[in-house]
Amino acid sequence: MTSKAAAEPAAAEPAAEGLAAGLRQRHLAMLAMGGVIGSGLFVSSGVGIKLAGPGIVLSFVLAGTLAMLVMRMMAEMAAAIPSSGSFSVHAERAFGPWAGFAIGWLYWAALVVVLAVEATAAAIIVNSWLPGIPQWALVLLFMAVLTAVNFTAVSRFGELEFWLALIKVVAVVAFLVLGVLAFLGVLPGTSFVGTTNLLGNGGLLPNGWEGVGTGLLAVVFTFGGLEVVTIAAAESDDPAHAVGKAVRNAVVRISVFYIGSMLVIVSLLPWSSVHIGQSPFAAVLERIGIPATGQIMNVVVLFALLSTLNTNMYGAARMVYSLAQRGHAPRALTKVDRNGVPVFAVAASVLFGFVAVALNALWPDTVFQYLLNAVGSVLLIVWILVACTQLRVRKQLERTAPESLTVRMWGFPYLTWATLAAMIAILAVMTGDADARIQLISSGVLVAALVVAGVCWQRARRAADQTV
């Protein structure tokens, strides 16, 4: 769609936006890592191992490379145009208000639905330790405590997230150290493993390159959450410098953690012994003789879930706040308190989070499953829109404000086009899987509905402006 609004860059939001600049560099770094190191790595990675065998390492290399390229695009735009709306603001600048409206609400909807999944999963873990406390009460407790955190000054949110994310990072580092020592046969009761598990049981690619491809489909979504750091950059002291450094460091470290973890797992375990639904991390720890491995992983996963829950509350509130600032949501959501916290935006996001939790409790296999399917492929769709946006915004900035390009996408425009083609190819491959196809259709319907709503909203605003 071409329009005057699309041809002319939209005005960027003020840098401060009424929000407090309370996030430090270390907060942003941990926010980026905390957003992605979650149950997807600790538990769901077993699905990818089952599909690809040792080839899952290649699947993670491909997924990590894709995430790194997309985050570089986001960092380029966020450093040049810091905003709590991040890619939603940038899409609006590139294609017009309808695009900012659609991608902003799409991302917000995904976050508030995922809140229910994370809160419920955390409650299930604690309920297994304390069966006397009803699961619903634990969900309510987690939601209430983290809501209170998000109502406080952003520096306190950043501090809590720093420590929650640090726990996950320390857990992964400890796992890597123990795994390498076990591989070398240094730990008591272990012997040098060599390439027995890597090359045995069908070889490095027991299911061929097709297995690597299906493994990629299973693991690419575990990198979702990195985009929150570009949202948070607007509340840092030096957004342009902070976002570039945070994304640069976080993507590399996360790729090392993910790829390193998978390499340790498939080196120490026969890939065929990994069971879907059980943590391959726990299986490795049990194999090398660490006691109470199941409970250790439950504690780590609990902190991972609470960290992601906290981050998603923050991301959802800032996105809907930005939408309201640009006239795409009720103006009341732009109100901030004396600490610079968008209190009504937090309340609105959490309210829908509680609704999603209720739907999960009442109709987990019907209504809530429909919601999950609707947001199932949102990450890839958002990333595709980010690539399309970066192609256009980069050219705009080169013409109008080249000095703002303090962070630049590598190999522009060729790597952007290559990344875009790769993501479209992944979506095409997903159509061959029945479950993934349902997600694609549901997500496609949601995207189409939001695009239509955005176009109608843009036309209504234009008509209202002409009558004034």
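Let us look at the structure shown here. (Residues numbered from 1 in each chain as written. Predicted model: local features only at pLDDT ≥ 70, side-chain atom pairs only at ≥ 80, totals over all residues. Heavy atoms only, no water.)

**Remarks on the overall build of the protein**
Check the secondary structure of the protein and you find 20 helices and 0 strands. Scaling as 2.2 N^0.38, a compact globule of 468 residues should have a C-alpha radius of gyration of about 23 Å, and the protein matches this with 22 Å. For the protein, the spread of C-alpha atoms along the three principal axes comes to 80 × 55 × 40 Å. Evaluated residue by residue, the protein yields a buried proportion of 56% over its 468 residues. Looking at the protein alone, contacts between residues at least 24 apart form 82% of all its contacts between residues at least 6 apart. With the model as given, the accessible surface of the protein reaches about 18600 Å², and the carbon-plus-sulfur share is 69%. The protein carries 26 positive and 21 negative side-chain charges, and their two centres are separated by 4 Å. (Helix = DSSP H or I, 4+ residues; strand = E, 2+ residues; numbered from the N terminus. Rg over C-alpha atoms; globule rule 2.2 N^0.38 Å. Buried < 20%, exposed > 50% of the residue type's maximum accessible area, 1.4 Å probe, protein only. Contact = heavy atoms within 4.5 Å. Areas by Shrake-Rupley, 256 points an atom, 1.4 Å probe, with all protein chains shown as cover. Lys, Arg positive; Asp, Glu negative; His and termini not counted. Charge placed at Lys NZ, Arg CZ, Asp CG, Glu CD.)

**Some details on the nonpolar core**
In terms of nonpolar packing, the biggest core is built from 156 residues, with Ile37, Phe42, Ile56, Phe142, Met262, Val382 and Trp383 touching the most fellow members. If you tally residues by element for this core, the top one is helix 7 (residues 97–129), at 20 residues. Sequence-distant contacts of Phe42, that is, excluding residues within four places in its chain, are made with Ile37, Lys168, Val172, Ser279, Pro280, Phe281, Met297, Val300, Val301 and Ala304. (Core = buried A, V, L, I, M, F, W, Y, C linked by side-chain atoms within 4.5 Å.)

**Considering the environment of Gly48**
Within the element layout of this structure, Gly48 appears in helix 4 (residues 45–52). Look at Gly48 and you get buried, because its relative accessible area is 0%. For the pair Gly48 and Ser267, spaced 219 residues apart in sequence, the C-alpha separation works out to 15 Å. Beyond its immediate stretch of four places on either side in the chain, Gly48 contacts Gly53, Ile56, Gly215, Ala218 and Val219.

**Notes on unusual backbone geometry**
Residues Phe412 and Pro413 are joined by a peptide bond in cis, for which omega reads 0°. By the element assignment, Pro413 lies in the loop between helix 18 (378–400) and helix 19 (414–430). Positive phi is not limited to glycine here, since Asn201 has a value of about 55°. The residue Asn201 is located in the loop between helix 10 (196–199) and helix 11 (208–219) in this model. For Asn201, a relative accessible area of 42% gives the class partly exposed.

**Re the packing of aromatic side chains**
Scanning the model with the defined rule gives 12 aromatic pairs in all. Ring plane angle 45° and centroid distance 4.5 Å describe the contact between Phe175 and Phe281, whose orientation is recorded as tilted. Taken as a pair, Phe175 in helix 9 (residues 154–184) and Phe281 in helix 14 (residues 280–287) lie far apart in primary sequence, 106 residues in all. Comparing Phe175 with Phe281 shows no difference in burial state: the two are buried. An aromatic cluster of three or more residues is present, and its members are Phe42, Phe175 and Phe281. (Phe/Tyr/Trp six-rings, centres within 6.5 Å; stacked < 30°, edge-to-face > 60°.)

**With respect to helix 20 (residues 434–467)**
What sets the pattern is the α-helix's 3.6 residues per turn: residues three or four places apart point alike. When the terminal C-alpha atoms of helix 20 are compared, their 50 Å separation across 34 residues agrees well with the 50 Å that a helix rising 1.5 Å per residue should span. Within the sequence span of helix 20, burial applies to Ala436, Leu440, Ser443, Leu450, Gly454, Val455 and Gln458. (Expected span 1.5 Å × (residues − 1).)

**Structural notes on helix 8 (residues 135–151)**
For helix 8, spanning 17 residues, the distance from its first C-alpha to its last is 24 Å, which sits close to the expected 24 Å at 1.5 Å a residue. For helix 8, every residue scored as buried is listed here: Leu138, Val139, Phe142, Met143, Leu146, Thr147, Val149 and Asn150. The arc enclosing the buried residues of helix 8, seen along the axis, measures out at 160°, which places them on a common side. For helix 8, the elements touching its buried residues are helix 7, helix 9, helix 15 (293–325) and helix 16 (343–362). (Arc of directions from axis to C-beta.)

**A look at the side chain of Gln396**
With respect to the helices, strands and loops of the structure, Gln396 is situated in helix 18. Given a relative accessible area of 3%, Gln396 falls into the buried group. A polar contact of 3.3 Å, which involves the side chain of Gln396, links it to the side chain of Arg93. (Polar contact = N/O pair within 3.5 Å; in protein donor to acceptor, adjacent residues only side chain to side chain.)

**A closer look at the packing of helix 5 (residues 56–80) against helix 18**
It is the contact of helix 5 with helix 18, at a shortest axis distance of 10 Å, that shows an interaxial angle of 40°. Here helix 5 lies oblique to helix 18, going by the angle between them. Classified by chirality, the crossing of helix 18 by helix 5 is left-handed. Where helix 5 approaches helix 18, its residues Leu66, Ala67, Val70, Met73, Met74, Glu76, Met77 and Ala80 are matched on the opposing element by Trp383, Val386, Ala387, Thr389, Gln390, Val393, Arg394 and Leu397. When the residues that make up the contact of helix 5 with helix 18 are grouped by side-chain class, the tally is 12 nonpolar, 2 polar and 2 charged. (Axes fitted to C-alpha atoms, helices over the stretch in contact; angles between N-to-C directions. Parallel < 35°, antiparallel > 145°, perpendicular 65-115°, else oblique. Left-handed = near helix turned anticlockwise from the far one by under 90°. Nonpolar A, V, L, I, M, F, W, Y, C, P; charged D, E, K, R; others polar.)

**Some words on the packing of helix 4 against helix 5**
The interhelical angle for the contact between helix 4 and helix 5, taken along N-to-C directions, is 120°, at an axis separation of 8 Å. With respect to helix 5, the axis of helix 4 lies oblique. Two secondary-structure elements touch here, helix 4 through Ser45, Gly48, Ile49 and Ala52 and helix 5 through Ile56, Ser59 and Phe60. For the contact of helix 4 with helix 5, the per-class residue count stands at 4 nonpolar, 3 polar and no charged.

**Thoughts on the side chain of Thr120**
Here Thr120 lies in helix 7. Residue class for Thr120 comes out buried when judged on its relative accessible area of 14%.

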